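For reference, the chains in residue letters:
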Amino acid sequence: MTLAEKLTEVGNNRPKLYKKGALDYSPQETVSGEAIGITDISPIEHNMTIKVSGIEDISTVKLYKQGKNLIKFPFVNSTYNINYKAGVEKTINDITFTVNDDGSVYVRGTATNNAFFNLCKRDLKTNYNIAIEGGENGTTNKTANLSVSKRTVYQQSNQLMYLYIPKGVTIDEVLYPQIEYGLSQTEYEPYIEQTVYDVSSSGIVEGVTSLYPNTTLYTDTQGAVIDCTYYQDGRKVKDNLTETIINLGGEI
């Protein structure tokens, strides 16, 4: 290999070397739970250390990884023979629902009766947040304790997720439905298809890479507990710590 070729190879590898070095200085965190929503993960893709426990025959468990938004898109519900892809348009009680290619729904009209637009059926675990981003002035409307809010639009019934426009309501908005694990609502993220991993007899799950900016982990087995160690985004850690100190009355 000539000197010029060697220098070119080194130059091409610099981003890889930089990323490896950056991870070496990133803080790490370990979280546990039946379902985990990680919102402070490093922007550099990396293998996470994951072990699943709590089940006698742990090798029968499947681990699922996906982004923050758990509403499957296209909207699929086999019970109601629903497969709503981008471009699908339905008019229900004079409310027209048009599915956009980013997972949002354009909703317009005045409801002559309660109008329901089914999205999906979802087996939800504890500690999840259901929200709609959209509404007047770009504000975010969400349900409280799964009750219907004054204006809109979204609720859960027997694990069936749907947009809901009450009778008499006039609406002309693009809405962004989202379900996420965790107790607090964060900004909307388009749906990312899930990846399924086998769990070994020791509980170790190999080859699970991070998803930025958010990674969600859960299993198909009730009672299975996930332990996950990952690299954090140092900037988010600093910002969160700063906000916590200020909220407690401290000074930075």
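Colleague: What am I meant to see in the overall build of the chain here?
Modeller: If you tally the helices and strands in the chain, you get 2 helices and 19 strands. Taking all contacts inside the chain whose residues are at least 6 apart in sequence as the whole, residues at least 24 apart take part in 73%. Split by element, the accessible area of the chain, about 14,100 Å² in all, is 48% carbon and sulfur.

Colleague: Help me out: how do you make sense of the nonpolar core in this one?
Modeller: The nonpolar side chains of a soluble globular protein tend to be buried, and buried together. One finds Phe75, Ile95, Phe97, Val107, Phe117 and Ile165 to be the most contacted residues of the largest nonpolar core, which totals 26 residues. Of all the secondary structure elements, the ones that give two or more residues to this core are strand E6 (82–84), strand E8 (95–99), strand E9 (105–110), strand E10 (115–121), strand E14 (160–165) and strand E15 (170–181). Membership of the second largest hydrophobic core comes to 18 residues, among which are Val205, Val208, Leu217 and Ala224.

Colleague: What am I meant to see in the pattern of salt bridges here?
Modeller: Opposite charge on two side chains makes pairing possible when the charged atoms of those side chains draw close. Under the counting rule described, the total for this entry stands at 3 salt bridges. Note that Asp198 is salt-bridged to Lys62, the shortest N-O span being 2.2 Å. On the criterion of sequence distance, the pair formed by Asp198 in strand E16 (residues 195–198) and Lys62 in strand E4 (residues 62–66) is long-range, its members being 136 residues apart. Residue Asp198 is classed as exposed on the basis of its relative accessible area, which comes to 53%. For Glu193, the salt bridge is made with Lys72, and the minimal N-O distance between the two is 3.3 Å. Taken together, the residues Glu193 in the loop between E15 and E16 and Lys72 in the loop between E4 and strand E5 (75–77) connect sequence positions 121 residues apart.

Calculation notes
- In every chain, residue numbers begin from 1 and rise along the written sequence.
- Confidence filtering applies because this is a predicted model: local features only for residues at pLDDT of at least 70, side-chain atom pairs given and counted only at 80 or more, and all residues used for totals across whole chains, interfaces and linings.
- Calculated side-chain values reflect all of the structure's heavy atoms, with hydrogen atoms and water omitted.
- Put simply, DSSP H or I for four residues or longer makes a helix, DSSP E for two residues or longer makes a strand, and each gets a number counted from the N terminus.
- Between two residues, a contact is recorded if the distance between any of their heavy atoms is within 4.5 Å.
- Accessible areas in this description were obtained via Shrake-Rupley with a 1.4 Å probe; residue shielding takes into account the shown protein chains only.
- In this text, buried Ala, Val, Leu, Ile, Met, Phe, Trp, Tyr and Cys residues form a nonpolar core when linked through side-chain atoms within 4.5 Å.
- Three labels apply to residues, based on accessible area from a 1.4 Å probe with only protein chains included: buried if under 20% of the type maximum, exposed if over 50%, partly exposed otherwise in between.
- Throughout this description, the term salt bridge denotes a Lys or Arg side-chain nitrogen within 4 Å of a carboxyl oxygen of Asp or Glu.

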